Amino acid sequence: MAFNIYDELVNDKVISEQNLLKAVHEAQSQNRNLNDVLVDSGLLSEEALLTFFGKQLDLAFERLDTYTVDPSIAVHVPESFARKNTILPMFLLGDTLTLATADPFNMNTVEEVRQKTGFKIDRVLATKKNILALMDHCYKVNSAKAGDPQENNAIIRQGLDL
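Scoring rules and cut-offs
Residues numbered from 1 in each chain as written. Predicted model: local features only at pLDDT ≥ 70, side-chain atom pairs only at ≥ 80, totals over all residues. Heavy atoms only, no water. Core = buried A, V, L, I, M, F, W, Y, C linked by side-chain atoms within 4.5 Å. Buried < 20%, exposed > 50% of the residue type's maximum accessible area, 1.4 Å probe, protein only. Helix = DSSP H or I, 4+ residues; strand = E, 2+ residues; numbered from the N terminus. Contact = heavy atoms within 4.5 Å. Pairing = 2+ DSSP bridges. Axes fitted to C-alpha atoms, helices over the stretch in contact; angles between N-to-C directions. Salt bridge = Lys/Arg side-chain N within 4 Å of Asp/Glu carboxyl O.

S.K.: Got a minute to help me understand the nonpolar core in this structure?
M.R.: Looking at soluble globular proteins, one finds that nonpolar side chains tend to be buried together. By size, the foremost hydrophobic cluster in this structure holds 26 residues, and its most contacted members are Leu88, Ala100, Val113 and Ile131. Counting only elements with at least two residues in this core, the list comes to α5 (79-85), β2 (87-93), β3 (96-101), α6 (107-117), β4 (120-125) and α7 (128-143). Among the elements that take part in this core, α7 stands out by supplying five residues, more than any other. Not counting chain neighbours up to four residues away, the residues in contact with valine 113 comprise Val77, Phe81, Ile87, Leu97, Leu99, Gly118 and Ile121. Within the second largest apolar cluster, 18 residues are counted, among which are Ile15, Leu20, Val37 and Phe53.

S.K.: I keep staring at the sheet that holds β3 and nothing clicks. Help me out?
M.R.: The strands making up a sheet associate through backbone hydrogen bonding, with each pair oriented either parallel or antiparallel. In spatial order, the strands read β1-β4-β3-β2; together these four strands make up an open sheet with mixed pairing. The open sheet has two free edges, formed respectively by β1 (60-61) and β2, since each of these has just one partner strand. In this structure, β1 lies alongside β4, joined through two bridges in parallel fashion. When the bridges of β4 are listed, phenylalanine 61 appears paired with leucine 125. The strands touched by α6 are β2, β3 and β4; relative to β4, the strand with the most contacts, the crossing angle is about 145°.

S.K.: Honestly, the pattern of salt bridges in this entry has me stumped. Any pointers?
M.R.: In total, this model carries nine salt bridges according to the counting rule given. When the shortest N-O distance is used, the salt bridge between lysine 128 and aspartate 36 registers 2.8 Å. On the criterion of sequence distance, the pair formed by lysine 128 in helix α7 and aspartate 36 in helix α3 (residues 34-40) is long-range, its members being 92 residues apart. Judged by relative accessible area, which is 26%, aspartate 36 ranks as partly exposed. The network of salt bridges with shared partners includes Glu26, Arg32 and Asp40.

Below, the structure written as structure tokens:
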């Protein structure tokens, strides 16, 4: 029998089978992403869902407002592409780009970033809200061509009310 990560939500008692089936039906009938239905309906918080997926897929879940993100790295991914896919390049270590994503199953986007940048990609999971908050500041910093990394991080922290 094939592994289905959503069945694991039921097996681990994160959600009842009845609620999962209801969400699956709603997602299919409305042509929506199941994760969005689970979160929007209040059955699970986005953080709880991503934390669960992270454990299942061996990916870290991060609260980006506590992370140091290098705004200069955002230039590796066009803002429009990052917004469309809810991803954020966070930092570069050697030839590995760490990418925050709100969708652990969107491997096409990860592969496209890898192909366009030439970097190896490490993923971390983060909520859409966290990604979008940091994205606004990272791309704002880059468009202003701010050069001081400490000043850039101060701008990000200020925008996130840290």
